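Below are the chains, spelled out letter by letter.
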Amino acid sequence: MVCQACGTSVGEDVHFCPRCGAQVPVAQPVYRGYPQPPMPMYIPRVQRNLQTLGILWCVLGVYRVVSGLVGMIFLRAFTTHNFSDDSWIFGGRWHGPFPPMWISGLWPLVAVATIITAALALIAGYGLLQRRPWGRIVAIIASILALLKIPFGTALGIYTLWVLAPGASGLEYDSIADRS
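Residues numbered from 1 in each chain as written. Predicted model: local features only at pLDDT ≥ 70, side-chain atom pairs only at ≥ 80, totals over all residues. Heavy atoms only, no water.

Novice: Lay out helix H7 (residues 167–176) in plain terms, naming residues and giving numbers.
Specialist: Within the span of H7, buried status applies to Ser169, Gly170, Glu172, Tyr173 and Ile176. Projected down its long axis, H7 shows its buried positions confined to an angular sector of 165 degrees, all on one face. Along H7, exposed side chains directed more than 90 degrees from the buried face belong to Gly167, Ala168, Leu171 and Ser175. (Buried < 20%, exposed > 50% of the residue type's maximum accessible area, 1.4 Å probe, protein only. Helix = DSSP H or I, 4+ residues; strand = E, 2+ residues; numbered from the N terminus. Arc of directions from axis to C-beta.)

Novice: Tell me about the packing of aromatic side chains, and please be specific about residues and values.
Specialist: A full pass over the atoms with the stated rule returns 3 aromatic pairs. Their ring planes at 20 degrees and their centres at 6.4 Å tell us that Tyr159 and Trp162 sit as a pair that is stacked. Of the two residues, Tyr159 and Trp162 both sit in helix H6 (residues 152–164), 3 residues apart, roughly one turn of that helix. For Tyr159, a relative accessible area of 21% translates into the label partly exposed. (Phe/Tyr/Trp six-rings, centres within 6.5 Å; stacked < 30°, edge-to-face > 60°.)

Novice: Hey, could you go over the environment of Ala111 for me, with residue numbers and the actual values?
Specialist: Position of Ala111 relative to the elements: it lies in helix H4 (residues 106–129). The sequence separation of Ala111 and Leu69 amounts to 42 residues, and the corresponding C-alpha distance is 7.6 Å.

Novice: Pulling in residues and values, what's your account of helix H5 (residues 135–146)?
Specialist: Taking 1.5 Å of rise per residue, the 12 residues of H5 would be expected to cover 16 Å, and the 16 Å separating its terminal C-alpha atoms lies within 8% of that figure. Of all the positions in H5, only Gly135, Arg136, Val138, Ala139, Ile140, Ala142, Ser143 and Ala146 are classed as buried. (Expected span 1.5 Å × (residues − 1).)

This is the structure we're talking about:
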């Protein structure tokens, strides 16, 4: 049997294409003299967008790790005057009262926030890509929290809520979720 969306060869007992995630139609007996019924033209919203959502959540998780590391390095360099050297980052010496002492304590908080937000995004992406039953709930929670992260998190949060939040989407996701 061949997936009609991407052309990948799939087994007889497979319900979803392992490559693109499209639903594989159940083989029906062919009656001589009667043509096969046409495939439905409408692909439901969740099925159409689930693969893209999973990939985007994984990309956002990696982006958060990289941006958090860059932020921690910058904050560490800024608060320790270029990593404990007496000269400031941009040359010369820093003689002003800034940076205050409380700023040097921020980089562990940035590290914890980076780990939590990146892990949540990566877990949501994994759950959606693997069609786990808990993937929809985690993705909705992550999307609500991501709305505050302008512009990428906001865009992905709105897209995720548009795809997964409606009640009909919940029923559709439950029908394609991998219950194994």
